[in-house]
Amino acid sequence: MRAEEESGFEPAAGDGPSDPGQARERAASVRSAFAGLLQIRRLANDGRADPESVPAPWELHRPVRAVALALEAAGLPASAVGPSGERTAKGYRATAGASPGTVRVEWPGPPGSGAAYEEEGELNRCAAALRELGWTALLYRGPRGRRFLEVEPPAGARRPDGR
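Since the model is a prediction, treat every value here as computed from it, not as a measurement.

Undergrad: Explain the overall build of the protein chain residue by residue, including any values.
TA: The secondary structure content of the protein chain amounts to five helices and six strands. When the helices and strands of the protein chain are read in sequence order from the N terminus, they spell out α-α-α-α-β-β-β-β-α-β-β. Relative to a compact globule of 163 residues, whose C-alpha radius of gyration would be 15 Å, the protein chain shows 16 Å and is just as compact. In terms of overall dimensions, the protein chain has a C-alpha envelope of 50 × 45 × 25 Å along the principal axes. Total accessible area on the protein chain stands at roughly 9000 Å², and carbon and sulfur atoms take up 52% of it. Side-chain charges of the protein chain comprise 22 positive and 22 negative groups, with the mean position of each set lying 4 Å from the other.

Structure representation (structure tokens):
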């Protein structure tokens, strides 16, 4: 039995291993998980004009997982790391943000991959995918000029900390 079957589906957040041999099976799992997310939105946001356009409470309690699933479902590549922690692939990396309920999205890659040169355009693609799903995604420039997204629920959505 594969690890994914044993532990359930986990979206790629950008710090896991790369497994191109499982790409077809992974794509099917992503489609299924994303369809489930949209169903949760339809049920949880019943009564809204467009229930799929607003994150559900489930997502607000697991924002890194929800954002990573949205990015992976949009076809954006996740970064990856090797067994000793070295970055092996360029792509998005979703981690907990500075404030509760927020997510930081970066575009890292291995040395010489060109990730730093691509990050603004690729992070704008990430932001567009997230905004389509109702998230607020703002592009910032951090230390050493590297860009990142700060992703948060839309105004009016309750965060897990009650704010």
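Undergrad: Give a detailed account of the environment of Val64, specifying residues and quantitative values.
TA: Tracing the chain through its elements places Val64 in helix α4 (residues 63-73). C-alpha of Val64 to C-alpha of Asn124: the two residues are 60 residues apart in sequence and 18 Å apart in space. Not counting the four nearest positions on each side in its chain, Val64 is found in contact with Ala94, Thr95, Ala96 and Val103.

Undergrad: Any details on the sheet that holds strand β5 (residues 136-141)? Residues and values, ideally.
TA: If you trace the four strands from one edge of the open sheet to the other, you get β3-β4-β6-β5, paired in antiparallel fashion. The sheet terminates laterally at β3 (93-96) and β5, the two strands that pair on one side only. On average, adjacent strands in this sheet sit at an angle of 25 degrees to one another, irrespective of strand direction. The pairing of β5 with strand β6 (residues 147-152) spans six bridges and is antiparallel. Paired with Thr136 across the strands is Glu152, a residue of β6. Packed on one face of the sheet, α4 meets β3, β4 (103-106) and β6 and runs near 35 degrees to β4. Across the face of the sheet, helix α5 (residues 115-132) comes into contact with β4, β5 and β6 while running at roughly 10 degrees to β6.

Undergrad: How would you explain α4 if you had to name every residue and give the values?
TA: Burial runs high along α4: eight of the eleven residues are buried. Those residues of α4 not exposed but buried are Pro63, Ala66, Val67, Ala68, Leu69, Ala70, Leu71 and Glu72. Elements that come into contact with the buried residues of α4 comprise α2 (23-44), α3 (57-61), β3, β4, α5 and β6.

Undergrad: Hey, could you go over the packing of aromatic side chains for me, with residue numbers and the actual values?
TA: Across all of its chains, the model carries one aromatic pair by this definition. Ring centres 5.7 Å apart and planes at 25 degrees place the aromatic pair Tyr140 and Phe148 in the stacked group. The partly exposed category is assigned to Tyr140, whose relative accessible area is 39%. Residue Phe148 is classed as buried on the basis of its relative accessible area, which comes to 11%. The residue whose ring lies beneath Arg104 is Phe148, and the NZ or CZ to ring-centre distance is 3.7 Å.

Reading the values: the criteria
- Residues numbered from 1 in each chain as written.
- Predicted model: local features only at pLDDT ≥ 70, side-chain atom pairs only at ≥ 80, totals over all residues.
- Heavy atoms only, no water.
- Helix = DSSP H or I, 4+ residues; strand = E, 2+ residues; numbered from the N terminus.
- Rg over C-alpha atoms; globule rule 2.2 N^0.38 Å.
- Areas by Shrake-Rupley, 256 points an atom, 1.4 Å probe, with all protein chains shown as cover.
- Lys, Arg positive; Asp, Glu negative; His and termini not counted.
- Charge placed at Lys NZ, Arg CZ, Asp CG, Glu CD.
- Contact = heavy atoms within 4.5 Å.
- Pairing = 2+ DSSP bridges.
- Axes fitted to C-alpha atoms, helices over the stretch in contact; angles between N-to-C directions.
- Buried < 20%, exposed > 50% of the residue type's maximum accessible area, 1.4 Å probe, protein only.
- Phe/Tyr/Trp six-rings, centres within 6.5 Å; stacked < 30°, edge-to-face > 60°.
- Lys NZ or Arg CZ within 6 Å of the ring centre and 35° of its normal.

Nothing here speaks to function; it is all geometry.
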